Amino acid sequence: MTRRAGIIGYPVGHSLSPVFQQAAFAHSGLDVVYERWETPLPDLPARVAALRAPDVLGANVTVPHKEHVIPLLDEVGGLAARAGAVNTIVNRDGRLFGFNTDGPGFVAALRQEAFFEPGGRAFLLLGAGGAARGIALALLEARAAAVDIWNRTPERAAVLARDLGAPARALADLPPLAGYDCLVNCTTVGMKGGPDPEGLPCPLDSAGSGLLVVDIVYAPRVTPLLRAAAARGLRTLGGLPMLIYQGALAFELWTGLPAPVDVMVRAAENELARREGAAR
Ligand code: NAP
């Protein structure tokens, strides 16, 4: 029986997940078709109910439904419950389990691609939206020494820091970067098609030479922040590895098999390069 998986969101036309998940299934010799399940909010209950069918492995969930799916599932535990957001649904014999692999995907990307162990390190997160929440939770779980959060709208940073508890804290003003081991842009600044595609989420003048600069924005692959950091000789990590590792963790939850990460990276990079070429 051909099985199915897919991505639920609105819109999902530009999602890279179908490209790299399909490559992973093909490489692993699995007869699975990964589909785009574009779902306006009123259709979400029926879409999620359809995941209980025996031929469905599960789904990825993206904007704007990561919170909305929670009451439609049978069990949501661990990080997903604490984040209040589900990005992966697994169908086990008609019961639906919700997980959040965004934060763990970020930590896996740090470890595997930047060789950076978050335990004991000081982080500055820019942004306080859904991505920042998942990342901050995973960093606390990985025993980061400090997770400072600055956001354009300070009230949102304050709410997030309060929800997280120590050692997370909200900063009203952008601090000097010298005291941090890692800066993470979790805002949409620098994102193609976003509100400020050419902008920098913060100046880098005060950065120490050991700072790792991470931008979770993955389109374009090299954002203005990553370009500025590289020009200063700082180490950088783009957003694509996080995207791949959250997908790899989802693949492993659906199949019980190790994800072919290299195959997934290659498929996603080729697709991004194709899109960047087509846009020129
Ligand atoms: P979100 O919940 O909508 O949050 C957006 C964040 O960006 C908020 O903190 C917002 O600040 C800030 N922001 C927006 N415009 C800004 C501006 N002009 N100047 C300063 N800050 C601004 O979005 P999200 O889901 O957290 O996603 C954030 C980014 O992460 C997106 O670019 C998304 O593509 C990327 N992302 C990447 C991955 C990955 O796997 N690599 C995964 C998830 C998300 P306010 O609160 O002040 O509005």
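These lines cover the structure that appears in this document, whether it is placed above or below. Only a predicted model underlies this, so the values are computations on that prediction, with no experimental measurement involved.

### Let's talk about the pattern of salt bridges
Move 1: In the structure shown here, the tally under the stated rule is 13 salt bridges.
Move 2: Close ionic contact of aspartate 55 with arginine 4 constitutes a salt bridge, the shortest N to O distance being 3.0 Å. Of the two residues, aspartate 55 is situated in the loop between α2 (44-49) and β3 (56-61) and arginine 4 in strand β1 (residues 3-9); the sequence distance between them amounts to 51 residues.
Move 3: Assessed through its relative accessible area of 18%, aspartate 55 is described here as buried.
Move 4: Take arginine 4: its relative accessible area is 27%, and that puts it in the partly exposed class.
Move 5: The shortest N-O distance in the salt bridge between glutamate 117 and arginine 111 comes to 2.9 Å.
Move 6: Judged by its relative accessible area of 37%, glutamate 117 falls in the partly exposed class.
Move 7: On the basis of relative accessible area, arginine 111 is assigned to the partly exposed category, the value being 36%.
Move 8: Within this structure, Arg4, Glu35 and Asp55 form a network of salt bridges that share partners.

### Notes on the site of the ligand
Move 1: Taken together, the neighbourhood of the ligand is formed by 21 residues, with Ala131, Asn151, Thr153, Arg156 and Ile216 sitting nearest.
Move 2: Here an oxygen atom of the ligand sits 3.0 Å away from a polar atom, N or O, in the main chain of alanine 128.
Move 3: Alanine 131 is positioned such that a nitrogen or oxygen atom in its backbone is 2.8 Å from an oxygen atom of the ligand.
Move 4: When the ligand sits alone it has 920 Å² of accessible area, and the protein chains cover 79% of it.
Move 5: Secondary-structure elements contributing two or more residues to the shell around the ligand are α5 (130-141) and α8 (240-255).

### What about the sheet that holds strand β7 (residues 122-126)?
Sheets are built from strands that pair by backbone hydrogen bonding, the pairs being arranged parallel or antiparallel.
Move 1: If you walk across this open sheet you meet the six strands as β9-β8-β7-β10-β11-β12, and the pairing is parallel. Edge positions in the sheet fall to β9 (168-171) and β12 (235-237), since each of these pairs with one other strand and no more. Across this sheet, the average inter-strand angle for adjacent strands is 20 degrees, counted without regard to direction.
Move 2: As paired strands, β7 and strand β8 (residues 146-150) are joined by five bridges and run parallel to one another. Each residue of the ladder has a partner; that of leucine 124, found in β8, is aspartate 148.

### Quick look at the pairing of strand β6 (residues 95-99)
Move 1: As defined by bridge partners, strand β4 (residues 75-76) adjoins β6 across two bridges and the pair is classed as parallel. Within the sheet, the bridge partner assigned to glutamate 75 lies in β6 and is phenylalanine 97.
Move 2: Pairing of strand β5 (residues 88-92) with β6 involves five bridges; the strand directions are antiparallel. Bridge assignment links arginine 92 to a residue of β6, and that residue is arginine 95.

Thresholds, definitions, all that
Residues numbered from 1 in each chain as written. Predicted model: local features only at pLDDT ≥ 70, side-chain atom pairs only at ≥ 80, totals over all residues. Heavy atoms only, no water. Salt bridge = Lys/Arg side-chain N within 4 Å of Asp/Glu carboxyl O. Helix = DSSP H or I, 4+ residues; strand = E, 2+ residues; numbered from the N terminus. Buried < 20%, exposed > 50% of the residue type's maximum accessible area, 1.4 Å probe, protein only. Near = heavy atom within 4 Å. Polar contact = N/O pair within 3.5 Å; in protein donor to acceptor, adjacent residues only side chain to side chain. Areas by Shrake-Rupley, 256 points an atom, 1.4 Å probe, with all protein chains shown as cover. Pairing = 2+ DSSP bridges. Axes fitted to C-alpha atoms, helices over the stretch in contact; angles between N-to-C directions.

The values reported here are purely geometric and, on their own, carry no functional implication.
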